[in-house]
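# Structural overview
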Amino acid sequence: MAEALVSVTINGRRHALWGEETEVLLTVLRDRLGLTGTKNGCEVGHCGACAVWVDGLPQLACLTLLGSVADRTVTTVEGLAGWWRTLNGNDAYHPLQTAFVDNGAVQCGFCTPGMLMAGAALVRDRPGATAEAVRESLAGHLCRCTGYEQIVRAVLDVAAREEDPA
Ligand code: FES
Ligand code: FES
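Residues numbered from 1 in each chain as written. Chains lettered and ligands numbered in written order. Predicted model: local features only at pLDDT ≥ 70, side-chain atom pairs only at ≥ 80, totals over all residues.

Turning our attention to unusual backbone geometry. At Asn-11, a position not held by glycine, the phi torsion is positive, near 50°. Inspection of the secondary structure puts Asn-11 in the loop between β1 (3–10) and β2 (13–20). Residue class for Asn-11 comes out buried when judged on the 20 C-beta atoms lying within 10 Å of it. The residue Thr-146 is not glycine, and still its phi comes out positive at about 55°. Along the chain, Thr-146 falls in the loop between α5 (131–137) and α6 (148–163). (Helix = DSSP H or I, 4+ residues; strand = E, 2+ residues; numbered from the N terminus. Buried ≥ 20, exposed ≤ 12 C-beta atoms within 10 Å, placed from the backbone.)

Right, here's the structure in full:
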């Protein structure tokens, strides 16, 4: 296995990480960097709990190798509010985080980081998304508490606001 020094920006901070290029990003985030917001639900791409953004696009950290994120940017749930604040020059949480609370979309919270990362990408890229589009984009994300209706409602709330910010 090839060891290498991998440079990657995570939540706005540059890291130089020495390790196997085949090391799984989920392990790097949780075990080496202490970013435990990204959850380990299955390790094989079936549950969506480990979703992060790589260069702004949702990606499963359990199926992502360290070498593949060299010189790229990774955003985890810990960085979502910071990303939003940088974009808008305010000190607020991402509106989807607030909408999850307002809609009762968090129960045990295990699926929440993955749902937030997928949902935030959707409302950014598809303002005014329909319920069908929201369900489609969250299809790979499992909620063992079965709070799907509240989660979809939270994403729809924000998607509607993004379409008509007034
Ligand atoms: S932990 Fe990655 S999809 Fe389940
Ligand atoms: S809130 Fe418990 S898994 Fe979704």
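Quick look at helix α2 (residues 77–88) now. Spanning 12 residues, α2 covers 18 Å between terminal C-alpha atoms, matching the ideal 16 Å at 1.5 Å per step. Residues Val-77, Gly-79 and Leu-80 constitute the buried set of α2. Buried residues along α2 cover an arc of 120° about the axis, so they all sit on one side. Close packing links the buried residues of α2 with β5 (73–75), α3 (95–102) and α4 (112–125). (Expected span 1.5 Å × (residues − 1). Arc of directions from axis to C-beta. Contact = placed C-beta atoms within 7 Å.)

Splitting the chain by domain gives domain 1 (3–76) and domain 2 (78–163). On a C-alpha basis, the centroid separation for the pair domain 1 and domain 2 is 21 Å. Every contact between the two is made by 18 residues of domain 1 and, on the other side, 15 residues of domain 2. Secondary structure elements with two or more residues in the side of domain 1 that touches domain 2: β3 (51–54) and β4 (57–60). Ranked by residues supplied to the side of domain 1 that touches domain 2, first place goes to β3 with 3 residues. Tallied by class, residues from the side of domain 1 that touches domain 2 come to 9 nonpolar, 8 polar and 1 charged. (Domains from an automatic or database assignment. Nonpolar A, V, L, I, M, F, W, Y, C, P; charged D, E, K, R; others polar.)

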